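Each chain is listed here by its residues.
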Amino acid sequence: MKKISTKALNKSFLNWFYGNLTCFSQEHMQTFGYMLAMLPILEDLYDTNAEQTEKMQTYSAFFNTEPQVGAIVVGITAGMEEARANGEDVDAETINGIRAGLMGPLAGIGDSLVVGTVLPILLGIAMGLSGGGSPLGAIFYILVWNIGMFLLMRFMYFKGYEMGGKAVEVLVGEKAGAIRESIVMVGTMVIGGVTASWININTAFQMLNEEGGVIVDLQKTLNDVYPHILSAVFVLLCWYLMSKKKMSPIAVMGLLVVVAFVGVLVGFFDPGLSY
């Protein structure tokens, strides 16, 4: 009976960890990174180049998911490849069917968990540690992100290898839908908390009488009605432009720069204020 060696599994995982975006393109996405991760597995299970080349064709199909959580798919297919090498009823169509079926749900879970929840929390803490130009924030983020994601990806990879095809029921069943909804809710709350903590937009607009006295202080008036309303308006505007109008984040940031520049020129914003 053929068994994938620990050395091959570790090499396969490391190939995915640092090479999941190898030769990334809009046409192939993570396909070549996937093939790189499967190379040690195939070399360990099959003796001849012809066999290895034939089996590698299985993984040339399009693949794209969230790479951290998606490491479980590589582990699952490593286990299935081991089963195929031992003569079990597993073929290329079965393996690719599982890959295609899992990459979408895992992208939803991973993007909500990693991008929508973990990253904002880590960045919020790092920004707090960076006050006064301290390098602690950058050091904290680099260490925690890389070590944390390494451990997460390693756990997901080997858990996938351990579960094999049984993981499909867990990842695409009814429970998976509830998990995704819960993660999205937590991620939304985190984004809201980060927004309230770090975005502070104020206006310098005032109406003066002939003696130079202040008749209307717009910022004070807005604070009396709805504190931080300008911050909320700008956040919702960014969400609307990216979500509904499909503008890229770079285009939205460029627009905000223009708005800030014009606002300072006409006196609506004060460059001396902390935004």
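If you're wondering where the values come from, they're calculated on a predicted model, not measured in any experiment.

Reading guide: rules and limits
Residues numbered from 1 in each chain as written. Predicted model: local features only at pLDDT ≥ 70, side-chain atom pairs only at ≥ 80, totals over all residues. Heavy atoms only, no water. Helix = DSSP H or I, 4+ residues; strand = E, 2+ residues; numbered from the N terminus. Buried < 20%, exposed > 50% of the residue type's maximum accessible area, 1.4 Å probe, protein only. Contact = heavy atoms within 4.5 Å. pLDDT = per-residue confidence, 0-100. Salt bridge = Lys/Arg side-chain N within 4 Å of Asp/Glu carboxyl O. Axes fitted to C-alpha atoms, helices over the stretch in contact; angles between N-to-C directions. Left-handed = near helix turned anticlockwise from the far one by under 90°. Nonpolar A, V, L, I, M, F, W, Y, C, P; charged D, E, K, R; others polar. Expected span 1.5 Å × (residues − 1). Bend = angle between axes of the 7 residues up to and from the residue. Phe/Tyr/Trp six-rings, centres within 6.5 Å; stacked < 30°, edge-to-face > 60°. Lys NZ or Arg CZ within 6 Å of the ring centre and 35° of its normal. Core = buried A, V, L, I, M, F, W, Y, C linked by side-chain atoms within 4.5 Å. Patch = residues over 30% accessible without salt bridge, like charges linked within 9 Å, V, L, I, M, F, W, Y side chains within 5 Å. Areas by Shrake-Rupley, 256 points an atom, 1.4 Å probe, with all protein chains shown as cover.

Asks: What should I look at first to understand the overall build of the chain in this one?
Replies: Summing up its helical and strand segments, the chain has eleven helices and two strands in all. The secondary structure elements of the chain, listed N-terminal to C-terminal, are α-α-α-α-α-α-α-α-β-β-α-α-α. When the 275 residues of the chain are sorted by exposure, 35% land in the buried category. Nonlocal contacts in the chain, meaning residues at least 24 apart in sequence, comprise 70% of its contacts between residues at least 6 apart.

Asks: Is there a simple way to explain the confidence of the model for the chain in this structure?
Replies: Any residue range with low pLDDT should be treated as having predicted coordinates unsuitable for detailed reading. Overall, the predicted model of the chain reaches an average pLDDT of 82, with 86% of residues at or above 70. Least confident of the elements in the chain is helix α7 (residues 167-172), whose mean pLDDT is 51; most confident is helix α1 (residues 6-19), at 92.

Asks: It is not clear to me how the pattern of salt bridges should be interpreted in this structure. Could you clarify?
Replies: Proximity of charged atoms lets side chains of opposite charge pair with each other. Going through the model one piece at a time under the given rule, you end up with four salt bridges. One salt bridge in this structure joins Glu-82 and Lys-3, with 4.0 Å as the shortest N-O distance. Here Glu-82, found in helix α4 (residues 71-85), pairs with Lys-3, found in the segment before α1; they are 79 residues apart in sequence, far enough to count as distant. Of the residues examined, Lys-3 reaches a relative accessible area of 57% and is grouped as exposed. Put simply, Lys-159 and Glu-162 hold a salt bridge, and the shortest N to O gap is 3.7 Å. On the criterion of helical spacing, the pair formed by Lys-159 and Glu-162 is a turn pair, its members being three residues apart in helix α6 (residues 136-163).

Asks: Got a minute to help me understand the packing of helix α2 (residues 31-45) against helix α3 (residues 49-56) in this structure?
Replies: In a pair of packed helices, the angle between the axes and the distance between the axes together describe the arrangement. Their axes nearest at 10 Å, the elements α2 and α3 cross at an angle of 145°. Considering only the axes of α2 and α3, their crossing is right-handed. Two secondary-structure elements touch here, α2 through Met-35, Met-38, Leu-39, Leu-42 and Glu-43 and α3 through Gln-52, Lys-55 and Met-56. Among the residues making up the contact of α2 with α3, the classes are represented as five nonpolar, one polar and two charged.

Asks: Got a minute to help me understand α2 in this structure?
Replies: Within an α-helix, residues lying three or four positions from one another point in the same direction, as the helix has 3.6 residues per turn. Under the 1.5 Å per step criterion, the end-to-end length of α2 is 21 Å for 15 residues, consistent within 8% with the ideal 21 Å. Where α2 bends most, at Met-38, the angle is about 35°, and the proline Pro-40 comes one to four residues later. Taken together, the buried positions of α2 are Thr-31, Gly-33, Tyr-34, Met-35, Ala-37, Met-38, Pro-40, Ile-41, Leu-42 and Leu-45. Considering only its buried residues, α2 is in contact with α1, α3, α4, α5 (92-129) and α6.

Asks: Even after reading the chapter, I still don't get the side chain of Gln-52, so can you show me in this structure?
Replies: Looking at the secondary structure, you find Gln-52 in helix α3. Here Gln-52 falls in the buried class, since its relative accessible area comes to 14%.

Asks: What exactly am I supposed to notice about the packing of aromatic side chains here?
Replies: Each aromatic ring pair is specified by the distance between its two centres and by the angle formed by the two planes. Under the defined criterion, the tally for this structure stands at twelve aromatic pairs. Taken together, a centroid distance of 4.7 Å and an interplanar angle of 75° make the contact between Tyr-34 and Phe-63 edge-to-face. Note that Tyr-34 is positioned in helix α2 and Phe-63 in the loop between α3 and α4, a separation of 29 residues in sequence. The same class applies to Tyr-34 as to Phe-63, namely buried. The ring of Tyr-34 has Arg-99 lying over it, and the distance from NZ or CZ to the ring centre is 4.4 Å.

Asks: Sorry if this is basic, but what is going on with the nonpolar core here?
Replies: Soluble, globular proteins show a tendency: their nonpolar side chains are buried together. Core analysis: the largest hydrophobic core is formed by 41 residues, its most contacted members being Ile-4, Trp-16, Tyr-34, Ile-41 and Tyr-157. Those elements giving two or more residues to this core turn out to be α1, α2, α4, α5 and α6. The contact partners of Trp-16, leaving out residues within four places of it in the chain, are Gln-30, Gly-33, Tyr-34, Ala-37, Phe-63, Pro-67, Gly-70, Ala-71, Val-74 and Met-153.

Asks: I would appreciate a short explanation of unusual backbone geometry in the present structure.
Replies: Generally, phi is negative for residues other than glycine and the peptide bonds are trans, each holding for most cases. Positive phi is not limited to glycine here, since Cys-23 has a value of about 50°. Inspection of the secondary structure assignment puts Cys-23 in the loop between α1 and α2. Judged by its relative accessible area of 56%, Cys-23 falls in the exposed class.

Asks: Quick question: what am I supposed to make of a nonpolar patch on the surface here?
Replies: Together, Ile-121, Ile-125, Leu-129, Leu-136, Ile-139, Leu-143, Val-144, Ile-147 and Leu-151 line one region of the surface with nonpolar side chains, adding up to about 770 Å² of accessible area. Put simply, the parts of the chain that give the nonpolar patch at least two residues each are α5 and α6. Among the elements that line the nonpolar patch, the one with the most residues is α6, at six residues. Within the fold, Leu-151 resides in helix α6.

Asks: Where do I start with the environment of Leu-237 in this structure?
Replies: For Leu-237, the position within the fold is in helix α10 (residues 229-243). As for Leu-237 and Val-252, which are separated by 15 residues in sequence, their C-alpha atoms are 9.4 Å apart.

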